[in-house]
Amino acid sequence: MELKRVVVTGIGALTPLGNSAPAYWDGLKRGQSGSRPITRYDASRFKTQFACEVKDFDILDHMDRKEARKLDPYSHYAVVAAEEAVQDSGILHPELDVDRVGVIWGSGIGGLKTFMDEVINYARGDGTPRFNPFFIPKMIADIAAGLISMRYSFRGPNYSTVSACASSNNAIIDAFFLIRYGKADAFVCGGSEAAINEAAMGGFSAMHALSTRNDDPAGASRPFDQTRDGFVMGEGAGALILEELEHAKRRGATIYCEIAGGGMSADAHHITAPHPEGLGALNVMRRALEDASLTTKDVDYINVHGTSTPLGDIAETKAIKQLFGEHVYKLNISSTKSMTGHLLGAAGAIEALACILAVKESIIPPTINFKHPDPEIDQKINFTFNEAQKREVEVAMSNTFGFGGHNTSAIFKKYRG
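Structural notes, computed from the coordinates. Everything numeric here is computed off the predicted structure, so don't read it as measured data.

**A word on the overall build of the protein**
Phase 1: A tally of regular secondary structure across the protein gives 13 helices and 14 strands.
Phase 2: Compactness check: the protein gives a C-alpha radius of gyration of 20 Å against a globular reference of 22 Å for 417 residues, within 12% of the reference.
Phase 3: Overall size of the protein, expressed as C-alpha extent along the three principal axes, is 65 × 55 × 40 Å.
Phase 4: Per element, the accessible surface of the protein, about 16200 Å² overall, is 52% carbon and sulfur.
Phase 5: Each charge class in the protein can be summarised by its mean position, and for the 43 positive and 50 negative side chains these summaries are 1 Å apart.

**Description of helix H7 (residues 167–180)**
Phase 1: Helix length check: H7, at 14 residues, gives a terminal C-alpha distance of 20 Å against a target of 20 Å (1.5 Å per residue), a fit within 8%.
Phase 2: Burial runs high along H7: 12 of the 14 residues are buried.
Phase 3: Among all positions in H7, only Ser167, Ser168, Asn169, Asn170, Ala171, Ile172, Ile173, Asp174, Ala175, Phe176, Ile179 and Arg180 are buried.
Phase 4: Just beyond H7, the residue with positive phi is Gly182, at close to 80°.

**Structural notes on the pairing of strand E7 (residues 236–244)**
Phase 1: With respect to burial, E7 is a largely interior element, 9 of its 9 residues being buried.
Phase 2: Taking every second residue as pointing to the same face, both faces of E7 are buried, with Gly236, Gly238, Leu240, Leu242 and Glu244 on one and Ala237, Ala239, Ile241 and Glu243 on the other.
Phase 3: Here strand E1 (residues 6–14) pairs with E7 via 8 bridges, running antiparallel. Opposite Gly12, over in E7, you have Ala239 as the bridge partner.
Phase 4: Here 8 bridges tie strand E6 (residues 186–193) to E7, and the two strands are oriented antiparallel to one another. Paired with Ser192 across the bridge in E7 is Ala237.

**Some remarks on the side chain of Asp72**
Phase 1: Position of Asp72 relative to the elements: it lies in the loop between helix H2 (65–69) and helix H3 (73–89).
Phase 2: No salt bridge is formed by the buried Asp72; its nearest oppositely charged neighbour, Lys138, is found at 6.2 Å.
Phase 3: Of the polar contacts made by the side chain of Asp72, one reaches the backbone nitrogen of Tyr74; its length is 2.9 Å.
Phase 4: In contact with Asp72, other than residues within four places in its own chain, are Gly110, Gly111, Leu112, Lys113, Thr114 and Lys138.

**Section: the packing of aromatic side chains**
Phase 1: Counted according to the given criterion, the structure contains 12 aromatic pairs.
Phase 2: A ring pair is formed by Tyr41 and Phe46, whose centres lie 5.5 Å apart and whose planes are at 65°; its orientation type is edge-to-face.
Phase 3: You can call Tyr41 buried: its relative accessible area is 11%.
Phase 4: Measuring from centroid to centroid gives 5.7 Å for Phe57 and Tyr77, while their planes differ by 70°, and the two rings are edge-to-face. Taken as a pair, Phe57 in the loop between strand E3 (50–51) and H2 and Tyr77 in helix H3 lie far apart in primary sequence, 20 residues in all.
Phase 5: For Lys380, the ring lying beneath its charged end belongs to Tyr329, and the centroid distance is 5.2 Å.

**Some thoughts on a nonpolar patch on the surface**
Phase 1: A contiguous nonpolar surface patch, about 350 Å² in accessible area, is contributed by Met1, Leu3 and Tyr181.
Phase 2: Relative to the helices and strands, Tyr181 resides in the loop between H7 and E6.

**What to know about the packing of H3 against helix H6 (residues 143–152)**
Phase 1: For the pair H3 and H6, interaxial distance at closest approach is 9 Å and the crossing angle is 40°. Classed by the angle they form, the pair H3 and H6 counts as oblique. When you trace H3 past H6, the crossing you get is right-handed. Residues Tyr74, Ser75, Ala78, Val79, Ala82, Glu83 and Val86 of H3 lie in contact with H6, whose contacting residues are Ile143, Ala144, Leu147, Ile148, Arg151 and Tyr152.
Phase 2: Of the residues in the contact of H3 with H6, the class split is 10 nonpolar, 1 polar and 2 charged.

**Examining the side chain of Thr307**
Phase 1: Counting through the fold element by element, Thr307 comes out in the loop between strand E9 (301–303) and helix H11 (310–324).
Phase 2: At a separation of 3.0 Å, a polar atom in the side chain of Thr307 contacts the side chain of Thr309.
Phase 3: If we skip the residues at most four places from it in the chain, Thr307 touches Gly230, Phe231, Asp313, Lys337 and His342.

**Considering the environment of Leu60**
Phase 1: Tracing the sequence through the fold places Leu60 in the loop between E3 and H2.
Phase 2: Residue Leu60 is classed as partly exposed on the basis of its relative accessible area, which comes to 33%.
Phase 3: Placed 16 residues apart in sequence, Leu60 and His76 show a C-alpha to C-alpha distance of 9.8 Å.
Phase 4: Once residues lying within four places of it in the same chain are set aside, the contact partners of Leu60 are Arg65 and Ala68.

**Regarding the sheet that holds E1**
Phase 1: Across the sheet, which stays open at both edges, the 10 strands sit in the order E5-E4-E6-E7-E1-E8-E14-E13-E9-E10 with mixed pairing between neighbours. What marks the edges here is a single partner per strand, and that holds for strand E5 (158–161) and strand E10 (332–334). Here the average twist between neighbouring strands, direction ignored, is 25°.
Phase 2: Relative to E6, strand E4 (residues 101–106) is paired through 6 bridges, and the arrangement is parallel. Bridging from a neighbouring strand, Gly106 pairs with Gly191 of E6.
Phase 3: Those strands touched by helix H13 (residues 347–361) are E1, E6, E7, strand E8 (257–266), E9, strand E13 (395–402) and strand E14 (406–413), and its axis lies near 170° from that of E13.

Thresholds, definitions, all that
- Residues numbered from 1 in each chain as written.
- Predicted model: local features only at pLDDT ≥ 70, side-chain atom pairs only at ≥ 80, totals over all residues.
- Heavy atoms only, no water.
- Helix = DSSP H or I, 4+ residues; strand = E, 2+ residues; numbered from the N terminus.
- Rg over C-alpha atoms; globule rule 2.2 N^0.38 Å.
- Areas by Shrake-Rupley, 256 points an atom, 1.4 Å probe, with all protein chains shown as cover.
- Lys, Arg positive; Asp, Glu negative; His and termini not counted.
- Charge placed at Lys NZ, Arg CZ, Asp CG, Glu CD.
- Expected span 1.5 Å × (residues − 1).
- Buried < 20%, exposed > 50% of the residue type's maximum accessible area, 1.4 Å probe, protein only.
- Pairing = 2+ DSSP bridges.
- Salt bridge = Lys/Arg side-chain N within 4 Å of Asp/Glu carboxyl O.
- Polar contact = N/O pair within 3.5 Å; in protein donor to acceptor, adjacent residues only side chain to side chain.
- Contact = heavy atoms within 4.5 Å.
- Phe/Tyr/Trp six-rings, centres within 6.5 Å; stacked < 30°, edge-to-face > 60°.
- Lys NZ or Arg CZ within 6 Å of the ring centre and 35° of its normal.
- Patch = residues over 30% accessible without salt bridge, like charges linked within 9 Å, V, L, I, M, F, W, Y side chains within 5 Å.
- Axes fitted to C-alpha atoms, helices over the stretch in contact; angles between N-to-C directions.
- Parallel < 35°, antiparallel > 145°, perpendicular 65-115°, else oblique.
- Left-handed = near helix turned anticlockwise from the far one by under 90°.
- Nonpolar A, V, L, I, M, F, W, Y, C, P; charged D, E, K, R; others polar.

Have a look at this one:
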């Protein structure tokens with residue numbers, strides 16, 4: 001069976017750095033931090049009082065009030081990012097076979113705010129079970145994929161991926177595989193998350209997963225720095241249009257880059273902690289390269305998972321060093337979570353966009369907030385600290401890992417015809 005080639009023809013983003021893909025990319029290049037004191041609720045009683053919120057966003061600019069009230073914020077974000085990607089791609093033309101266009105969308109948590117609000121309202125009531133009739137469809141983690149499908153009448157494969165922080169990278173890889181094997185012509189894929197609320201922040205704080213650097217929100221996400229103390233919560237969405245190459249060429253689509261391979265693995269180690277030697281990360285990167293028929297020497301840039309947690313950054317670095325050997329010193333590596341915070345299930349999508357644009361524009365976004373070298377991390381590696389760097393990028397790798405030991409790696413390369 002001849003495998004199809006798959007390309008990226010549209011992108012969309014709603015992030016703590018900007019409410020479109022160009023604004024997001026501009027923020028990354030400038031090394032901008034999206035972390036600020038929380039405005040969503042009174043965070044004064046919480047250990048962590050800051051996060052990377054989406055800013056200056058009003059869903060009523062994108063849909064009417066009646067429709068908006070039926071959706072959780074994670075679905076708001078999904079619909080807006082997907083709309084940008086669809087319009088950017090120009091895929092909505094009269095000859096489009098909508099039966100062969102699908103949607104795969106990831107979210108690690110889904111409508112947590114809706115769930116929290118409904119349960120609180122019930123607990124505060126007189127005990128009579130009065131729930132919003134839209135409670136369940138607002139909350140469930142698959143509904144964003146369904147909404148995007150309905151919005152454009154895309155009737156191809158449609159489902160949601162839920163693998164914690166790997167969710168949207170899983171969505172991208174699944175879409176890639178299905179197009180490659182001829183099961184669809186195109187997909188809207190990516191992910192969204194809206195977890196800056198009391199339930200999520202309180203839960204992650206209880207796990208000691210979040211930074212508590214309340215005196216310096218903008219500097220709190222500091223991957224690979226010795227003083228890192230946890231991740232910073234982010235929110236938003238990222239969307240890609242993946243398309244079979246010949247389908248894209250026939251309609252004269254603009255091609256950002258090619259997606260060349262994808263890998264998946266499990267740590268099989270611990271519910272939240274990574275394998276200490278990065279075994280799962282090592283396996284997933286190796287599998288992605290094998291899938292893409294590339295070698296370690298072909299890779300120029302890795303957008304790492306790099307959450308700014310004490311254990312995770314070390315484990316991922318060990319895996320990269322073991323796999324890439326001496327070539328590790330010729331790579332550029334960066335963690336864009338230093339700027340966006342950690343978007344949980346949407347992280348893979350916006351970090352895939354960072355790789356796509358690095359390939360397209362030959363710019364490596366930085367890892368900001370680095371001041372203190374960690375003796376357990378090889379400082380000869382180029383982590384692209386604090387400032388973006390110009391570099392020709394033929395191949396970029398995007399790593400995203402999740403609680404439960406879920407590991408994903410996607411590979412993007414320059415389109416050469």
